[in-house]
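Coordinate inspection notes
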Amino acid sequence: MAANSSTGAIRSLSGIVQAEPRPGMVELGPGYLDRALLPGGLIRRWAAAAVDYWGAGALAYGADAGPLELRAYLAARVSGGEPGVCGPANVLTTGGTSQALDQLAVRLCRDGRVLLTEALTYDLGREIFAARGVQTIAVPGPVDDLDIGQFRYHAALAARRTGQAPAFYLIPTFHNPTGRVIPAERRREILELAHEAGAMIIEDLAYAELGYDPAPPPPPLWRLTPDPDLVISLYSCAKSVAPGLRIGWLVSGERLAAELAADPVRLSGGGPNHFTAMAVAAGCVTGELDGHVRMVREELRRRRDTLVTALVLPDGFTMRRPAGGYFAWIELPGNVEDQSLLAEAERRGTSFAPGRRFGGSARGARVCFAACGPEELSRGAARLSAACRSAAAPS
Ligand SMILES: Cc1ncc(COP(=O)(O)O)c(C=O)c1O
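Regarding the overall build of the protein chain
Assigned secondary structure in the protein chain consists of 12 helices and 11 strands. Taken over C-alpha atoms, the radius of gyration comes to 21 Å for the protein chain, in line with the 21 Å a tight globule of 395 residues would show. Considered along the principal axes of its C-alpha atoms, the protein chain spans approximately 65 × 60 × 40 Å. Within the protein chain, the proportion of its 395 residues that are buried is 51%.

See below:
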């Protein structure tokens, strides 16, 4: 079998990975991490260390909540060294955020709860809930904030119709698709509303570890409330380590964590992806995981800066400099719609994700700066800038 290098592909990965870049195309659409940043060498070492240290324990069915060592480490990590904030009983390992969303969707559907999302949201997150039969409502609001009045109105409407308090699905930190951060004040307001309405908040923190500016983002929602049952927070290794690991973790009140751990699928199969979880635990123990995340953050900061510098947009197009995550969001002028701009960009050899995928607006473009190296990114940004100029020009 011909060997692949640990990061770059020697042979074709078609049929092995979810998507391959199209030849000649600078792909700024998919929200993937550059393959050159995937830590093949580290994972090889962590996997060997897991077998050497835990022996059969790394290969048996795993503890239903996930391995205790890993949960204890993750609890300390998300507590930022503050004692008594979060312990292993508050943490459940997941098979990535998608798997956790699916497990939560099953519960929401069973309980007859409606899901309120931001006006623009992670499209596949919304689809996971919808596929499980959960009614989802996109709450109108500005691109870079939440409209609390609208959330209050739709929460009351949902409760009246179903007799059940709704749930909120929010991506407060380095949002997909817009990159924006919900300000601290609005975080307090949405928590207050959820408390009053008896709503549960599902907080998706997939990009939260990837901040690039000196000022850190506000604390996650779960750190801003004394009520352990108000927020379920979902973290993932997919964006800062490697999506193929299929490992993430959830932070919630102990009661809910125990209930989720007792799901029959876990009782039957143990915690998801146990061997990967043990390998990640080895990376945590040695400190290499944190070191790696720091390296990814540095790399992506440079790429964010490269994109922001290289994108020269004509009048009427606006883009805010994202403070973290993978994405920059371009708002398009009234005479440019996303699909025709995409066709123009693809003719010039680059792509982006059209805004309508993420909710109503056809006046936005999501540009991912995490998937390409700096040179390719500059090339793609120049092509996209040219496409914007061409789309904006009077015909
Ligand atoms: C906001 C958000 N949540 C979750 C995911 C998927 O996470 P995972 O790979 O851990 O399932 C993504 C991936 O694009 C995402 O953007």
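Digging into the domain arrangement of the protein chain
Domain annotation for the protein chain reports domain 1 (43-286) and domain 2 (290-392). Relative to domain 2, the C-alpha centre of domain 1 lies at a distance of 27 Å. Domain 1 puts 25 residues into the contact, and the matching count from domain 2 is 24 residues. Carbon and sulfur atoms make up 53% of the surface buried where domain 1 meets domain 2, a total of about 2,200 Å² over both sides. At the boundary of domain 1 and domain 2, one finds four salt bridges. Taken together, the connections running from domain 1 to domain 2 amount to 14 residue pairs in polar contact (both at pLDDT 80 or more). For the side of domain 1 that touches domain 2, the per-class residue count stands at 11 nonpolar, seven polar and seven charged.

Details of the pairing of strand β5 (residues 200-204)
Within β5, five of the five residues are buried, which leaves the element mostly enclosed by the surrounding structure. Across the two faces of β5 the burial is the same, with Met200, Ile202 and Asp204 and Ile201 and Glu203 all buried. Of the pairings in the sheet, the one linking strand β4 (residues 167-170) to β5 comprises four bridges and is parallel in character. Bridging across to β5, leucine 170 finds its partner in glutamate 203. Read from β4 through helix α6 (residues 184-197) to β5, the crossover connection turns out right-handed. Pairing between β5 and strand β6 (residues 231-236): four bridges, direction parallel. Its bridge partner lying in β6, glutamate 203 is registered against serine 233.

Here's the deal with the site of the ligand
Looking at the ligand, there are 13 residues lining it, with Ser98, Asn176, Asp204, Tyr207 and Ser236 nearest. One of the backbone N or O atoms of threonine 97 is found 2.8 Å from an oxygen atom in the ligand. In this structure, aspartate 204 approaches the ligand through a side-chain N or O atom, which is 2.6 Å from a nitrogen atom. Here the ligand, which alone exposes 390 Å², has 92% of that area covered by the protein. Split into classes, the residues belonging to the shell around the ligand amount to five nonpolar, five polar and three charged.

Overview of a nonpolar patch on the surface
A cluster of nonpolar side chains, Val51, Leu59 and Phe275, forms an exposed patch at the surface whose accessible area comes to about 260 Å². Position of leucine 59 relative to the elements: it lies in the loop between α1 (40-54) and α2 (68-79).

Examining the packing of aromatic side chains
Considering all chains together, one arrives at eight aromatic pairs under this definition. Here tyrosine 326 and phenylalanine 327 contribute two aromatic rings whose centre-to-centre distance is 5.9 Å and whose plane-to-plane angle is 65°, an arrangement assigned as edge-to-face. Neither residue differs from the other here; tyrosine 326 and phenylalanine 327 are each classed as buried. The rings of Tyr207, Tyr326 and Phe327 are connected pair by pair, giving a single aromatic cluster. For arginine 223, the ring lying beneath its charged end belongs to tryptophan 222, and the centroid distance is 5.4 Å.

So, the packing of α1 against helix α10 (residues 288-310)
At a minimum axis distance of 12 Å, the contact between α1 and α10 shows a crossing angle of 170°. Taken together, the axis directions place α1 and α10 in an arrangement best described as roughly antiparallel. With respect to the hand of their crossing, α1 and α10 are arranged in left-handed fashion. Across the interface between the two elements, Leu42, Arg45 and Trp46 of α1 pack against Glu288, Leu289 and His292 of α10.

A short note on the pattern of salt bridges
Under the criterion given, the structure shown has 30 salt bridges. Of the charged contacts in the structure, one is a salt bridge between glutamate 20 and arginine 35, with a shortest N-O distance of 2.6 Å. Note that glutamate 20 is positioned in the segment before α1 and arginine 35 in the segment before α1, a separation of 15 residues in sequence. Residue classification places glutamate 20 among the partly exposed residues on the basis of a relative accessible area of 33%. Residues participating in the shared-partner salt-bridge network are Asp34, Glu299, Arg302 and Arg303.

Thoughts on unusual backbone geometry
In this chain, asparagine 176 is followed by proline 177 through a cis amide linkage whose omega measures 20°. Looking at where proline 177 falls in the secondary structure, it is placed in the loop between β4 and α6. The backbone of phenylalanine 174 shows a phi angle near 55°, a positive value even though the residue is not glycine. When you line up the elements, phenylalanine 174 lands in the loop between β4 and α6. On the basis of relative accessible area, phenylalanine 174 is assigned to the buried category, the value being 2%. Residues other than glycine seldom take positive phi values, yet arginine 246 does so here, at roughly 50°. In this structure, arginine 246 sits in the loop between β6 and β7 (248-251). Of the residues examined, arginine 246 reaches a relative accessible area of 33% and is grouped as partly exposed.

Calculation notes
- Residues numbered from 1 in each chain as written.
- Predicted model: local features only at pLDDT ≥ 70, side-chain atom pairs only at ≥ 80, totals over all residues.
- Heavy atoms only, no water.
- Helix = DSSP H or I, 4+ residues; strand = E, 2+ residues; numbered from the N terminus.
- Rg over C-alpha atoms; globule rule 2.2 N^0.38 Å.
- Buried < 20%, exposed > 50% of the residue type's maximum accessible area, 1.4 Å probe, protein only.
- Domains from an automatic or database assignment.
- Contact = heavy atoms within 4.5 Å.
- Buried area = accessible area lost by both parts, 1.4 Å probe.
- Salt bridge = Lys/Arg side-chain N within 4 Å of Asp/Glu carboxyl O.
- Polar contact = N/O pair within 3.5 Å; in protein donor to acceptor, adjacent residues only side chain to side chain.
- Nonpolar A, V, L, I, M, F, W, Y, C, P; charged D, E, K, R; others polar.
- Pairing = 2+ DSSP bridges.
- Right-handed = clockwise from strand over helix to strand, strands pointing away.
- Near = heavy atom within 4 Å.
- Areas by Shrake-Rupley, 256 points an atom, 1.4 Å probe, with all protein chains shown as cover.
- Patch = residues over 30% accessible without salt bridge, like charges linked within 9 Å, V, L, I, M, F, W, Y side chains within 5 Å.
- Phe/Tyr/Trp six-rings, centres within 6.5 Å; stacked < 30°, edge-to-face > 60°.
- Lys NZ or Arg CZ within 6 Å of the ring centre and 35° of its normal.
- Axes fitted to C-alpha atoms, helices over the stretch in contact; angles between N-to-C directions.
- Parallel < 35°, antiparallel > 145°, perpendicular 65-115°, else oblique.
- Left-handed = near helix turned anticlockwise from the far one by under 90°.

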